Amino acid sequence: MSQVAIIVNGKARKADVEPRMLLVHVLREQFNLTGTHLGCDTSQCGACTVLVDGRSAKSCTIFAVQADGSEVTTIEGLATDGQLHPLQKGFWDAHGLQCGYCTPGMIMSAVTLLRDTPDPTEAQIREGIAGNLCRCTGYQHIVDAIQLAAGRR
Amino acid sequence: MATTHVLPKLVGQRIKRREDPRLIQGRGTYVDDVKIVGMQHIAFKRSDIAHGRIRRLDVSVAKALEGVEAVFTGAQLAELIRPMPIGTPFPSPTHRAIAVDVVRYVGEAVAVVVARDRYVARDAVDAIVVEYEPLPAVVDLERAMTGQPAVIHADFPNNIALPQIASGTGVDASGKADDTKIDQAFAAADVVISQRMVNQRLVPNAMEPRGVVAHYEPGKGSLTMWSSTQNPHILRSMVAGMLGLGESQVRAIAPEVGGGFGAKINIYAEEYVAAAVSKALGLPVKWIEERTEAFVATTHGRDILGYVDLAATKDGKVLGLKLRLIADIGAYNMLLTAAIPTLTMLMANATYDIPAIRATLVEVFTNKTPTDAYRGAGRPEATYFVERAMDMLAAELRIDPAEVRRRNFIPSDKFPYATQMGAVYDSGDYEKALDVALAAAGWEALKAERDAARKQGRLVGLGLSMYVEVCGVGPSASLPTGGWEHAQVTVERDGRITAATGASPHGQGNETTFAQMLADQFGVPLEHVTILHGDTAVVKQGIGTFGSRSQAVGGTALVMAGARVKAKMAKFAGPLLEAHEADLVFENGIISVKGLPTSGKSFKDVASYAYVPVPLPEGLEPGLSEEAFFEPKNNTYPFGCHISMVEVDRQTGEPRLLKLVAVDDAGTLINPLIVEGQIHGGLAQGIGQALIEEAVYDEQGQLLTGSFMDYAMPRATDFPRFELQAMVTPTPVNPLGAKGVGEAGTLGSTPCLVAATVDALREFGVKHIDMSLRPEKLWRIIQGGRA
Ligand code: FES
Ligand code: FES
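Since the structure is predicted, the reported quantities are computational estimates derived from the model, not experimental observations.

### Details of the overall build of chain B
- Looking only at helices and strands, chain B features 20 helices and 28 strands.
- Relative to the globule expectation of 28 Å for 787 residues, the C-alpha radius of gyration of chain B, 28 Å, shows essentially globular dimensions.
- Oriented by its inertia axes, the alpha-carbon framework of chain B measures out at about 90 × 70 × 50 Å.
- Taking all 787 residues of chain B together, 65% fall into the buried category.
- When contacts within chain B are restricted to residue pairs at least 6 apart in sequence, those whose partners lie at least 24 apart make up 80%.
- Of the accessible surface of chain B, which amounts to about 27000 Å², a share of 52% is contributed by carbon and sulfur atoms.
- Here chain B holds 78 positive side-chain charges and 90 negative ones, and the gap between their average locations is 1 Å.

Below, the structure is given as structure tokens:
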């Protein structure tokens, strides 16, 4: 067992973990932040996407010990002062989700997308979320949601 | 008298979903988010060969691992639960939840481990040693039908799961076929199109894998289960039956469910095993499927081979159709497996008036993961076979594909229309759908664009397809689980409305659409309506969400129950307003006398009066809560037309979808925003099937496309912006006029894309290409064409 210290959604947390423990499992099972989902075991779906030190990362692909000392933001930490993040609003307004399973990861990926490309074209949005799978929406309303959020910032 | 503000009518509006605030903040509760004190994790040891006899199964090392609570083999499990039941009246071999002596597909469970956490459970699974005597793997479908290279189930000679059944022209109720008419049709034909087509096997891949938490409480003798399922009530009945418990001792909860697409209708081995293990150990247990596990352990979809013969005159009038279907159902029958391909037969008429049709079906066992429902379930296959044949006819006769269809449509004045296949199409206007689509796409301009592109040497093609599907599934005669849906509506003491529906959603937005309907019905704000679902302790009865039925059947049950409560509420309000109940209107949170809007009592006051009724009106019981079961007399038949443009890269063979126009008629729409989302999602799955998705097995029965690394899931970059247009032809089958839309997108899209791709490659003389339209396949056609 090793101890890791991670700042999660602005709060300092510690956990005792086996070296093989994935970050996503620590977030979900030890910190009870179950908004981060698991959709695969080959790092392809993006359902587990969180921000590590401000950039989106697949938390199923990082051992918890690798995240020691870093700052992690999960979907639960995205709204500030009870105000939804523009992307959260965008997804709601544009019907960017159906079952909602891919949604937290999709939103966290889009955070980085909009940070790097504040005014993206449709093609750039599609490219930017190509690492996230959604089986429900056909992506069109997700694209709309991200466009809406970009326009509002 | 409170000041009134006018509440807008909500049905038909693009209302934002009420489910979303929790989901966009990561506060939905999916099954893996459920935690119970003392909960153990279970994991399955699965066969890594397709067919073999278990020679040795050694669980001793696994059992001795620190943190392992128990290990059960198939033989031990067989003492706890009965063989797996199915939901269709077809013959089925014995199927144990965990294999006892023979494994029949890669992924079949051979043992289950119960351990402290999921890591230890996995360690223990890896520590189990199994030795098999390999048996020949039955992989090739048509070879399997000859009993080669092996017979999978001793009681099913030649691997025939379902010996040939026939339906259509000249087939009587007993299944006896008279060929006279069909033979005459083919004898009279100027042209006959014959093509073997494969509607390939797909992996459903809901983004949330399956999962279950089972909690048997020995003190109470009752079991609570959380499962990622489309139908908790069916789960409850089946699990109770398997464990020998009464249905009232089992509570099944479908929490937030991360997509289903038909693959979460089936009640799976893992659900029975989790329940049995929890009961045996007196401990709560959780099983969460891993993705690569899901690829082999969750049912697959499609996999029907069709031999299609279409007879027509030289003017393109279809005289006869023969459809010989062979379904590869994998190693076992699951809940609805055997019934799915019968829907392909049922829909063989498609949108056309065809004088003579014969469809036959054989179902065959192979050493593959069993098939069951997958979005569209049998209907996309029918659409595909018939529409492809229509295109080949158009090409053969050099008639525009739109025109050849126009010459064969069931006329709009012929509805309700009894088909040769035994369906009664409720309502439709196929020619109008075609015209709307042609106009929306600019068909003639597109043709000019295609021809201009071709002049520049580009490989561009156009495709068009019609579809009609069967939705709103019921009545009970057509669904072994029961073809109704249930709802209960309660007006609470404070005037809020609580409604419970048996239609258990997994992304369809029923909490929003159902609330829209009730808010309108009672004239109250949307926020005052709460929709409950997915818990058998809260929703007394139900069937579930599949077959695009939740609105058409579940929605109707809901407004029926609503109407009953409303009628009773009017009886309470009548005396208060000194008016006859028939003269009351419910609007803007007020119940008032027709024509005297300011005369009213608030909805809330009438509600509280109903619960403290002093005086109690003559002949009334206190309270405002009513329920309804709705059983439709017929299915509904939504329809539409899809048009696409595809370009194939001459160098690489890669196809690219440039344009997709979809005209869909799902009857009355409750929330067009949600409907569009449903169509988009269906299109993505249909286009995925056409272009990139395919479950590929090798000769040993190994699934080669067994993870997201190998199985091509559609991504955002695979699609252009879809162009949708709605048409509304209400159904007479239910009072809402709603037909259902969940599966629509998967129907028109596959033939439409294949047609466009074949059209793009026309210069190489190609007439048909089987899906998926992999670049390598298209590249070979291009190369062959050059040679
Ligand atoms: S869970 Fe699929 S990429 Fe992390
Ligand atoms: S909303 Fe269901 S997977 Fe994206």
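This is not the end of the story, as more comes after the structure.
### Some thoughts on the nonpolar core
- One finds Phe91 and Ile146 of chain A together with Tyr425, Ile643 and Leu761 of chain B to be the most contacted residues of the largest nonpolar core, which totals 170 residues.
- Tallying contributions element by element places helix α11 (residues 379–397) of chain B first for this core, with 9 residues.
- Discounting residues that sit within four places of it in the chain, Phe91 of chain A has contacts with Gly96, Leu97, Thr103, Met106, Ile107, Ile142, Ala145 and Ile146 of chain A together with Asp20 and Ile24 of chain B.
- Residues Ala109, Val212, Val250 and Ala263 of chain B belong to the second largest nonpolar core, which totals 51 residues.

### Considering the domain arrangement of chain A
Residues and elements named next belong to chain A.
- By the assigned domains, chain A splits into domain 1 (2–75) and domain 2 (86–152).
- When each unit is reduced to the centre of its C-alpha atoms, the spacing between domain 1 and domain 2 is 21 Å.
- With 18 residues of domain 1 in contact, the opposing surface of domain 2 contributes 15 residues.
- Both sides of the domain 1 and domain 2 interface together cover about 1300 Å² of buried area, and 53% of this is carbon and sulfur.
- Broken down residue by residue, the surface that domain 1 buries against domain 2 is led by His37, Arg55 and Ile75, which jointly contribute 37%.
- The interface formed by domain 1 and domain 2 holds 1 salt bridge in total.
- Asp116 is the partner of Arg55 in a salt bridge, and the nearest nitrogen-oxygen pair spans 2.7 Å.
- Counting residues per element, the ones that place at least two in the side of domain 1 that touches domain 2 are β3 (49–52) and β4 (55–58).
- Considering only residue class, the side of domain 1 that touches domain 2 consists of 6 nonpolar, 10 polar and 2 charged.

### A closer look at the environment of Gln148 of chain B
All names here are of chain B.
- With respect to the element layout, Gln148 can be found in the loop between α5 (141–144) and β7 (160–168).
- Residue class for Gln148 comes out partly exposed when judged on its relative accessible area of 38%.
- The spacing of Gln148 and Asn159 is 11 residues in sequence and 8.6 Å in space, taken between C-alpha atoms.
- When sequence neighbours within four positions are dropped, the list of residues in contact with Gln148 reads Val138 and Arg143.

### Quick word on the sheet that holds strand β3 (residues 68–73) of chain B
Residue and element names in this part refer to chain B.
- Taken together, the 7 strands give an open sheet; going across it, the order is β3-β5-β1-β12-β9-β10-β11, and neighbouring strands pair in mixed fashion. Only two strands of the sheet have a single partner each, and these edge strands are β3 and β11 (250–253). Between one strand axis and the next, the sheet turns by 20 degrees as a mean value, whatever way the strands run.
- Two strands pair when backbone bridges link them, and strand β10 (residues 222–227) and β11 are joined in this way by 4 bridges, in the parallel orientation. Directly across from Met225, in β11, lies its bridge partner Ala252.
- Contacts from helix α4 (residues 118–127) reach β1 (40–46), β3, β5 (109–115) and β12 (285–288) within the one sheet, and its direction differs from that of β1 by about 25 degrees.
- Each of β1, β3, β5, β9 (211–217), β10 and β12 touches helix α8 (residues 269–281); the most contacted strand, β9, lies at about 30 degrees to it.

### With respect to the side chain of Gln98 of chain A
- By the secondary structure assignment, Gln98 of chain A is in the loop between α2 (86–93) and α3 (103–116).
- One polar contact links the side chain of Gln98 of chain A to the main-chain carbonyl oxygen of Cys136 of chain A, over a distance of 3.4 Å.
- Here Gln98 of chain A is in contact with Cys136 and Thr137 of chain A together with Arg17, Leu23, Gly507, Gly677 and Gln678 of chain B, once residues within four sequence places are set aside.

### What about the sheet that holds strand β4 (residues 102–103) of chain B?
Residues and elements named next belong to chain B.
- Read across the open sheet, the 3 strands follow the order β4-β2-β6; overall the sheet is antiparallel. Looking at the sheet topology across the chains shown, the edges are occupied by β4 and β6 (129–134).
- Here 6 bridges tie strand β2 (residues 52–58) to β6, and the two strands are oriented antiparallel to one another. Paired with Gly52 across the two strands is Pro134, which belongs to β6.

### Some thoughts on the interface of chain A and chain B
- Counting from both sides, the interface comprises 54 residues of chain A and, opposite them, 57 residues of chain B.
- Summed over both partners, the interface of chain A with chain B buries about 4700 Å², with 53% contributed by carbon and sulfur atoms.
- By the criterion of area lost to chain B, the three top residues of chain A are Trp92, Arg135 and Gln140 of chain A, representing 19% of everything that side buries.
- For the pair chain A and chain B, the number of links is 8 salt bridges.
- Per-element tally for the side of chain A that touches chain B: the top contributor is helix α5 (residues 140–152) of chain A, with 5 residues.
- The class makeup of the residues in the side of chain A that touches chain B is 22 nonpolar, 20 polar and 12 charged.

### Thoughts on the domain arrangement of chain B
Residues and elements named next belong to chain B.
- Here the domain parsing of chain B yields domain 1 (20–26 + 474–630), domain 2 (34–135 + 207–259 + 264–297) and domain 3 (380–471 + 635–786).
- Here the C-alpha centre of domain 3 lies 39 Å away from the C-alpha centre of domain 1.
- Listed as interface residues are 17 residues of domain 1 and, on the opposing side, 16 residues of domain 3.
- Summed over both partners, the interface of domain 1 with domain 3 buries about 1200 Å², with 61% contributed by carbon and sulfur atoms.
- When the area that domain 1 buries against domain 3 is broken down by residue, the three leading residues are Ser548, Gln551 and Ala552, summing to 36%.
- Seen at the junction of domain 1 and domain 3, the total is 5 residue pairs in polar contact (both at pLDDT 80 or more).
- Here the side of domain 1 that touches domain 3 gets 5 residues from one element, more than from any other, and that element is helix α16 (residues 550–577).
- Looking at side-chain class alone, the side of domain 1 that touches domain 3 contains 4 nonpolar, 13 polar and no charged residues.

### Examining helix α19 (residues 744–760) of chain B
- Over its 17 residues, α19 of chain B extends 25 Å from the first C-alpha to the last, a length consistent with the 24 Å expected when each residue adds 1.5 Å.
- Among the 17 residues in α19 of chain B, 17 count as buried, and that is most of the element.

### Regarding the packing of aromatic side chains
- Under the definition given, this model contains 19 aromatic pairs over all chains.
- Each ring, one from Phe409 of chain B and one from Tyr430 of chain B, has its centre 6.3 Å from the other, and the planes form 55 degrees; the classification is tilted. Within this pair, whereas Phe409 of chain B is found in the loop between α12 (401–406) and β16 (417–418), its partner Tyr430 of chain B is found in helix α13 (residues 430–441), the two being separated by 21 residues in sequence. With respect to class, Phe409 of chain B is no different from Tyr430 of chain B; both count as buried.
- Between Phe522 of chain B and Phe603 of chain B, the ring centres sit 5.9 Å apart and the planes meet at 75 degrees, which makes this aromatic pair edge-to-face. Placement of Phe522 of chain B in helix α15 (residues 510–522) and of Phe603 of chain B in helix α17 (residues 603–611) is noted, with a sequence separation of 81 residues between them. Phe603 of chain B shares its class with Phe522 of chain B; the two are buried.
- By the ring-pair criterion, three or more aromatic residues cluster together here, those being Tyr352, Phe409, Phe415, Tyr430 and Phe639 of chain B.
- The ring of Trp92 of chain A has Lys16 of chain B lying over it, and the distance from NZ or CZ to the ring centre is 3.9 Å.

Thresholds applied
Residues numbered from 1 in each chain as written. Chains lettered and ligands numbered in written order. Predicted model: local features only at pLDDT ≥ 70, side-chain atom pairs only at ≥ 80, totals over all residues. Heavy atoms only, no water. Helix = DSSP H or I, 4+ residues; strand = E, 2+ residues; numbered from the N terminus. Rg over C-alpha atoms; globule rule 2.2 N^0.38 Å. Buried < 20%, exposed > 50% of the residue type's maximum accessible area, 1.4 Å probe, protein only. Contact = heavy atoms within 4.5 Å. Areas by Shrake-Rupley, 256 points an atom, 1.4 Å probe, with all protein chains shown as cover. Lys, Arg positive; Asp, Glu negative; His and termini not counted. Charge placed at Lys NZ, Arg CZ, Asp CG, Glu CD. Core = buried A, V, L, I, M, F, W, Y, C linked by side-chain atoms within 4.5 Å. Domains from an automatic or database assignment. Buried area = accessible area lost by both parts, 1.4 Å probe. Salt bridge = Lys/Arg side-chain N within 4 Å of Asp/Glu carboxyl O. Nonpolar A, V, L, I, M, F, W, Y, C, P; charged D, E, K, R; others polar. Pairing = 2+ DSSP bridges. Axes fitted to C-alpha atoms, helices over the stretch in contact; angles between N-to-C directions. Polar contact = N/O pair within 3.5 Å; in protein donor to acceptor, adjacent residues only side chain to side chain. Expected span 1.5 Å × (residues − 1). Phe/Tyr/Trp six-rings, centres within 6.5 Å; stacked < 30°, edge-to-face > 60°. Lys NZ or Arg CZ within 6 Å of the ring centre and 35° of its normal.

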